[in-house]
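# Structural characterization, general
In case you want the letters, here they are:
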Amino acid sequence: MTEKTEAPSAKDHHDQNLIARPGSRLEITTPALVLDLDALDANIAAMAAKAAAQGIGLRPHAKTHKSAAIGRRQMDSGALGLCCAKLSEAEALAAGGLDRFLLTSPVTGSRRIERLIALKQRCRDLMLVVDDAENLRQLSAAAKAQGVSLDLLIDVDVGQRRTGVASTEQALALAGIIAAEERLNFHGLQGYAGHLQHITDYGERRQASHAALGQLAAVRDALEAAGHPCPIMTGGGTGSHAFDHEAGVLNELQVGSYTVCDVEYDAVDLAGDGASPFRAGLFVYSRVISANHPGFVTIDAGSKSIATDGPAPEVVSGAPKGSRYSVSGDEFGQLDLPGEAEILKVGDLVILQVPHCDPTINLFDHYHCVRGDALVALWPIEARGASF
């Protein structure tokens, strides 16, 4: 199957000649980030079907994939828009042709606010969250100066203790400021319980999520009683997607990692039956570059190719069952082989499932897209490094 791609630039031609050409996935230059398009498409379809059955909308988080091509697939499958963790993510994806975003962390500082206003003028739909009165006043002043209106959600801390108002009183105060400013429009609340998405046990995670959503509902009820309707209630994630609709609080989900999954989410009972509703879709391909010692070999994927903030990657193929990966430097990894396993040879291909998808993706410039044994496309990761 041939993938539809944008016309390549001169740089794209250079990158494709240097890194890979369409053909066999076994010929990819390593280390490489490899995306299984069959798994990606199946996961996007599965989440869309699940949300439709639940009667809830999807606003997927682009902080996971950082890719216009994947974001476009999500939009084509019915997503309301895309979430972005940082302004620069949205800027990069807007340059890739997307135009509906929710910025899920506050946009502060005069230079960032200037960029926000410029992005607003380019987008069909741009919303952002706020949790601070002075930030609101700065946003209002900038919007007035440029003759634009800003669409806002109040961010509510539902237990993560990172961003968001910490009380109903703070939310009411912010809603009052928004109502008084002609260039600011209030649309509802965000309550993201990121701290509980990886609780392993389904029942424990469900209980914790419903408790967090109860906090969000209390803020919503107080705001609506004070004359501030909340038509958008957004939050949730891959770890809580199966049951967040039950609380009747959220009307959209900010799911992210479901597109490709990873070792961390494979350890979580996502569906309550121990089976994963999503397929592993993202891998780091590596090759043995040294095999001079008994019991282990060195491969060409180290901490610059694999996120180290969680578990180790899983060895999918290319090494005996029971082989274990560990970082052996920025550029290298060590593969410990079990028992009396025959030593691997220099040049042997080893395929690793990524441990934590978001930061691993951020280490690469491209996805090597495969279907079966065929390398079919090279997609840029436009928002790689977009953290400002």
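So, here is what we can say about the structure in this document. (Residues numbered from 1 in each chain as written. Predicted model: local features only at pLDDT ≥ 70, side-chain atom pairs only at ≥ 80, totals over all residues. Heavy atoms only, no water.)

## Let's talk about helix α5 (residues 110-120)
Ile113, Leu116, Ile117, Leu119 and Lys120 are the residues of α5 that are buried. One face of α5 carries all of its buried residues, which in axial projection span an arc of 160 degrees. Facing away from the buried surface of α5 by more than 90 degrees, the exposed residues are Arg111 and Glu114. (Buried < 20%, exposed > 50% of the residue type's maximum accessible area, 1.4 Å probe, protein only. Helix = DSSP H or I, 4+ residues; strand = E, 2+ residues; numbered from the N terminus. Arc of directions from axis to C-beta.)

## Topic: the packing of aromatic side chains
According to the stated counting rule, one finds two aromatic pairs in the structure shown. Ring centres of tyrosine 202 and phenylalanine 243 lie 5.2 Å apart, and the angle between their planes is 80 degrees; on these two criteria the pair is classed as edge-to-face. With tyrosine 202 in helix α8 (residues 202-225) and phenylalanine 243 in the loop between β9 (232-235) and β10 (252-253), the pair connects residues that are 41 residues apart, well separated along the chain. The residues tyrosine 202 and phenylalanine 243 share a single accessibility class, namely buried. (Phe/Tyr/Trp six-rings, centres within 6.5 Å; stacked < 30°, edge-to-face > 60°.)

## Comments concerning the pattern of salt bridges
Note on pairing: side chains with opposite charge can pair once their charged atoms come close. Within the structure shown, the criterion is met by 15 salt bridges. With a shortest N-O distance of 2.8 Å, glutamate 91 and arginine 115 are connected by a salt bridge. With glutamate 91 in helix α4 (residues 87-95) and arginine 115 in helix α5, this residue pair connects regions lying 24 residues apart in the sequence. Judged by relative accessible area, which is 24%, arginine 115 ranks as partly exposed. In this structure, the salt-bridge partner of glutamate 181 is lysine 144, at a minimum N-O distance of 3.2 Å. Here glutamate 181 is found in the loop between α7 (168-180) and β8 (184-191), whereas its partner lysine 144 is found in helix α6 (residues 133-146), with 37 residues between them in sequence. (Salt bridge = Lys/Arg side-chain N within 4 Å of Asp/Glu carboxyl O.)

## Some points on the packing of helix α2 (residues 37-54) against helix α3 (residues 68-76)
The geometry of α2 relative to α3 is characterised by a closest axis approach of 10 Å and an angle of 35 degrees between their N-to-C directions. Where α2 crosses over α3, the two elements pack in a sense that is right-handed. Here Leu40, Asp41 and Ile44 of α2 come into contact with α3, specifically with Ile70, Arg73 and Gln74. (Axes fitted to C-alpha atoms, helices over the stretch in contact; angles between N-to-C directions. Left-handed = near helix turned anticlockwise from the far one by under 90°. Contact = heavy atoms within 4.5 Å.)

## Description of the side chain of glutamine 254
Tracing the backbone shows glutamine 254 in the loop between β10 and α9 (263-266). On the accessibility criterion, glutamine 254 (4% relative accessible area) is buried. One polar contact links glutamine 254 to glutamine 190, side chain to side chain, over a distance of 3.0 Å. Those residues within four positions of glutamine 254 in sequence are excluded, and the remaining contacts are Arg59, His61, Cys83, Leu102, Thr104, Gln190, Tyr192, Thr234, Gly235, Gly236 and Gly237. (Polar contact = N/O pair within 3.5 Å; in protein donor to acceptor, adjacent residues only side chain to side chain.)

## Here's the deal with the sheet that holds β10
Across the sheet, eight strands lie side by side as β3-β10-β9-β8-β7-β6-β5-β4; this open sheet has parallel pairing. Strands at the two margins of the open sheet, each flanked by one partner only, are β3 (57-58) and β4 (82-84). Bridge count between β4 and strand β5 (residues 100-103): three bridges; the pairing is parallel. Looking across to β5, one finds that cysteine 83 is bridged to leucine 102. Lying over the sheet, α4 contacts β4 and β5, oriented at roughly 170 degrees with respect to β5. On top of the sheet, α6 reaches β6 (125-130), β7 (150-155) and β8; it is set at about 150 degrees to β6, its chief contact. (Pairing = 2+ DSSP bridges.)

## Some thoughts on the pairing of β6
Counting buried positions over the six residues of β6 gives five, a clear majority of the element. Relative to β6, β5 runs parallel, the two sharing four bridges. Bridge pairing links phenylalanine 101 to leucine 126 in β6. Following the chain from β5 across α5 to the adjacent parallel β6, one finds a crossover that is right-handed. Sheet topology note: the β6/β7 ladder contains four bridges and is parallel. Bridge pairing in β7 links valine 129 to leucine 153. Regarding topology, α6 serves as the crossover connection from β6 to the parallel β7, and that connection is right-handed. (Right-handed = clockwise from strand over helix to strand, strands pointing away.)

## Thoughts on unusual backbone geometry
Of note, the amide linkage connecting threonine 30 to proline 31 takes the cis form, showing an omega dihedral of -5 degrees. Relative to the helices and strands, proline 31 is located in the loop between β1 (23-24) and β2 (32-36). Although it is not a glycine, cysteine 261 sits at a positive phi angle of roughly 55 degrees. If you trace the backbone, cysteine 261 turns up in the loop between β10 and α9. On the accessibility criterion, cysteine 261 (1% relative accessible area) is buried.

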